[in-house]
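An overview of the molecular structure
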Amino acid sequence: MAVPVSDRLPVRARGSVHRAFRVLALLLLLAAAVDLLSNLVPRQASMRELLDDVRAGRTSVVHVFYTAPDAVGVRWTTGFAGDRELTHRFATLPGGEGGEAEFEELVRDELGTTPVAFDRKDPLERLGGLASLVPVLYWRFISTAWLAWVVLAVGTAVLVDIVVRARLRAPSAGYWLTACLLFGAGFPAYLWSEPAALWRPEADGRITGGGVVGRTALWAAGFAALAVAMVAMR
């Protein structure tokens, strides 16, 4: 017996909404990857650029941290994918409170009445040990705060969907959970592949365990290529 059109519409509508969410989630993950890579590989800048960015209001917080007895590292961001970095070396070894305080005083003298806040923590100081080995933890190093929380929400939604979905193309949910939690690239691979191919919804054939690995590897390779391109442009 044919199913009335009125009964089919809600299912189609739900499918369209779910595909729209998948596309939006993929775009957000791509934007987050660009912002994350900008933070991990900031553009080398000069003291003049730092002062100009503060005066123009493009940044309000400058991170100043110890790197050597005669040098400090300086980082700031001007917004999405706008991370900057410089290393300031002193002509003589700083005294008193150390290089951080001396650099801060130097910047304040140059800026005059322009307000600026300093933070003596390296934004990437938590990137080490377990965090450097598990890419899924990298969301904490996305510079744009709202984007970091959106990515966390998207990742949580994907994990919940993997667990509760009654039918997956993959042999089991465990394949996707492993790909997501250990490699990170499993998130876009899942959004692209489940519960049907994003670019061809009518194709819902099964995916082997090797297929999950292959799709995850392809997305990881894509992010690696993006990283190489961003490094080349900086």
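Calculation rules
- Residues numbered from 1 in each chain as written.
- Predicted model: local features only at pLDDT ≥ 70, side-chain atom pairs only at ≥ 80, totals over all residues.
- Heavy atoms only, no water.
- Helix = DSSP H or I, 4+ residues; strand = E, 2+ residues; numbered from the N terminus.
- Rg over C-alpha atoms; globule rule 2.2 N^0.38 Å.
- Buried < 20%, exposed > 50% of the residue type's maximum accessible area, 1.4 Å probe, protein only.
- Contact = heavy atoms within 4.5 Å.
- Axes fitted to C-alpha atoms, helices over the stretch in contact; angles between N-to-C directions.
- Parallel < 35°, antiparallel > 145°, perpendicular 65-115°, else oblique.
- Left-handed = near helix turned anticlockwise from the far one by under 90°.
- Nonpolar A, V, L, I, M, F, W, Y, C, P; charged D, E, K, R; others polar.
- Core = buried A, V, L, I, M, F, W, Y, C linked by side-chain atoms within 4.5 Å.
- Arc of directions from axis to C-beta.
- Expected span 1.5 Å × (residues − 1).
- Pairing = 2+ DSSP bridges.
- Phe/Tyr/Trp six-rings, centres within 6.5 Å; stacked < 30°, edge-to-face > 60°.
- Polar contact = N/O pair within 3.5 Å; in protein donor to acceptor, adjacent residues only side chain to side chain.
- Salt bridge = Lys/Arg side-chain N within 4 Å of Asp/Glu carboxyl O.

All right, on to the overall build of the protein chain then. Across its full length, the protein chain holds eight helices and five strands. Reading the helices (α) and strands (β) of the protein chain from amino to carboxyl end gives α-β-α-β-β-β-α-β-α-α-α-α-α. A compact globule built from 234 residues would reach a C-alpha radius of gyration of about 17 Å, whereas the protein chain, at 23 Å, exceeds it by more than 25%. Taking the principal axes of its C-alpha atoms as reference, the protein chain extends roughly 85 × 35 × 30 Å. Per-residue burial for the protein chain yields a buried fraction of 38% across its 234 residues. Looking at the protein chain alone, contacts between residues at least 24 apart form 65% of all its contacts between residues at least 6 apart.

Moving on: the packing of helix α6 (residues 173-183) against helix α8 (residues 209-233). Two elements in contact, α6 and α8, have axes separated by 10 Å at closest approach and are oriented at 25 degrees. Compared by their axis directions, α6 and α8 come out roughly parallel. The handedness of the crossing between α6 and α8 comes out as right-handed. Every residue of α8 that contacts α6 at Tyr175, Trp176, Ala179 and Phe183 is listed here: Gly209, Val212, Arg215 and Thr216. Broken down by class, the residue content of the contact of α6 with α8 amounts to five nonpolar, two polar and one charged.

In this section: the nonpolar core. In terms of nonpolar packing, the biggest core is built from 28 residues, with Ile142, Val158 and Trp176 touching the most fellow members. Within the residue set of this core, elements represented by two or more residues are α1 (5-40), α5 (145-164), α6 and α7 (186-193). Setting aside residues up to four positions removed in sequence, Trp176 forms contacts with Ile162, Leu168, Ala170, Gly186, Ala189, Tyr190, Ser193, Glu194, Ile207, Val212, Arg215 and Thr216.

Turning our eyes to something else, we now look at helix α2 (residues 47-55). Three or more residues of α2 are buried, namely Leu50, Leu51, Asp53 and Val54. Viewed along the axis of α2, the buried residues span an arc of 160 degrees, placing them on a single side of the element. Residues of α2 that are buried make contact with β2 (61-68), β3 (71-77), β4 (83-89) and α3 (99-111). Looking one or two places after α2, you find Gly57, whose phi comes out positive at around 80 degrees.

A separate point is α5. Across its 20 residues, α5 extends 29 Å between first and last C-alpha, which sits within 8% of the 28 Å expected from 1.5 Å per residue. All of the buried residues in α5 are Leu147, Ala148, Val151, Val154, Gly155, Val158, Asp161 and Ile162. Each buried residue of α5 lies within a common arc of 150 degrees when the element is viewed along its axis, so the set occupies one face. Facing away from the buried surface of α5 by more than 90 degrees, the exposed residues are Trp146, Trp149, Val163 and Val164.

Note that β2 and strand β5 (residues 117-119) share three bridges and pair parallel. When the bridges of β5 are listed, His63 appears paired with Asp119. Across five bridges, the pairing between β2 and β3 is antiparallel. Within β3, the position partnered with Ala68 by the bridge is Ala71. In this structure, the hairpin formed by β2 and β3 is closed by a connection of two residues.

Okay, the packing of aromatic side chains next. Here the structure, examined in full by the defined rule, presents five aromatic pairs. Centroid distance Trp192 to Trp219: 5.9 Å. Interplanar angle 65 degrees. Geometry classified as edge-to-face. Of this pair, Trp192 sits in helix α7 while Trp219 sits in helix α8, and the two are 27 residues apart along the sequence. Ring-pair connections join several aromatic residues into one group, and the members of that group are Trp192, Trp199, Trp219 and Phe223.

The next thing to look at is the side chain of His63. Locating His63 in the fold gives a position in strand β2. Reaching out from His63, the side chain makes a polar contact with the backbone oxygen of Lys121 at a distance of 3.1 Å. In contact with His63, not counting residues within four places along its chain, are Gly73, Val74, Arg75, Asp119, Lys121 and Pro123.

The next subject is the pattern of salt bridges. The tally for this structure, following the rule as stated, stands at seven salt bridges. Here Asp70 makes a salt bridge to Arg89, at a shortest N to O gap of 3.3 Å. A residue pair is termed long-range when its members are at least 10 positions apart, and Asp70 in the loop between β2 and β3 and Arg89 in strand β4 qualify at 19 residues. Accessibility expressed as a relative area gives 28% for Asp70, which makes it partly exposed. The partner of Asp161 in a salt bridge is Arg165, with the nearest N and O atoms 3.1 Å apart. By relative accessible area, Arg165 is classed as partly exposed at 25%.

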